[in-house]
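Architecture and fold: a report
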Amino acid sequence: AQQWFVVISGLVWFGILYAVAYYFTNDREFVGKQFLEITQAVHLVTLWQSLSVLNFSLIFLHLSVWQVWLIVTAVVGILGYQLLSFHSLRKGSIWLTMGALTLTSVELFIAIGFLPLHFYVQSALVTLWFFFVTRLTLLGQDMTSRKRLFFSNLIFILIIGIVLILIS
């Protein structure tokens, strides 16, 4: 197990170093995207922390369920709208995407609340869903076939979700 850990961690660090080297050698490609990537990361962390506080309030402060669901709807709606409007969608309707994103995120928040998981993990799973939908929407703007993008991101998200559930 120790040798496998060394091999896997070595590959991960090699990937990180390669990504950093690629970033600094092709900086013109990334100059315009830096603001959008930082904004997306801030939105994801904000959503994760907001959902964690709401789950904590629901469990330990006995906040009523309908208030938490209303706040989750507002937070997901505001963050999703800001994120999608920053990138200015060229294909599809922003309101249709926002409606689907908000409804499915709130439904997932409700369903995951019944699982015996820590509230940080519950919040992380809903944030993964939010990331999955926004990533598919934003990256799918320049593609004609989104099938490969969908399956590659789905496998990535499922692996992260399974690891989160297994270690919780």
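Here's what I pulled together on the structure shown here.

Cut-offs and rules
Residues numbered from 1 in each chain as written. Predicted model: local features only at pLDDT ≥ 70, side-chain atom pairs only at ≥ 80, totals over all residues. Heavy atoms only, no water. 1 Å grid on protein atoms, 1.4 Å probe; cavity = no way out; pocket = protein on both sides within 12 Å on 5 of 7 lines; lining within 4 Å. Points joined across faces, edges and corners; volume = space filled by probe spheres on them. Helix = DSSP H or I, 4+ residues; strand = E, 2+ residues; numbered from the N terminus. Nonpolar A, V, L, I, M, F, W, Y, C, P; charged D, E, K, R; others polar. Polar contact = N/O pair within 3.5 Å; in protein donor to acceptor, adjacent residues only side chain to side chain. Contact = heavy atoms within 4.5 Å. Patch = residues over 30% accessible without salt bridge, like charges linked within 9 Å, V, L, I, M, F, W, Y side chains within 5 Å. Areas by Shrake-Rupley, 256 points an atom, 1.4 Å probe, with all protein chains shown as cover. Salt bridge = Lys/Arg side-chain N within 4 Å of Asp/Glu carboxyl O. Buried < 20%, exposed > 50% of the residue type's maximum accessible area, 1.4 Å probe, protein only.

The volume enclosed by the second largest pocket comes to roughly 230 Å³. Forming the boundary of the second largest pocket are 13 residues, of which Leu-108, Leu-125, Ile-157, Leu-158 and Gly-161 lie nearest the centre. Listing elements by their share of the lining of the second largest pocket, those giving two or more residues are helix H5 (94-112), helix H6 (119-139) and helix H7 (147-167). In terms of residue count, the dominant contributor to the lining of the second largest pocket is H7 (six residues). For the lining of the second largest pocket, the class distribution of residues is 12 nonpolar, one polar and no charged.

Turning next to the side chain of Ser-123. Note on placement: Ser-123 falls in helix H6. Within the structure, Ser-123 has its side chain in polar contact with the side chain of Asn-55 (distance 3.1 Å). For Ser-123, the contacting residues outside a window of four places in its chain are Trp-48, Leu-51, Ser-52 and Asn-55.

Before going further, it helps to spend a moment on a nonpolar patch on the surface. A surface patch of nonpolar side chains, amounting to about 850 Å² of accessible area, comprises Trp-4, Val-7, Ile-8, Leu-11, Val-12, Trp-13, Ile-16 and Val-20. By the secondary structure assignment, Trp-4 is in helix H1 (residues 2-25). Overall, the relative accessible area of 61% leaves Trp-4 in the exposed class.

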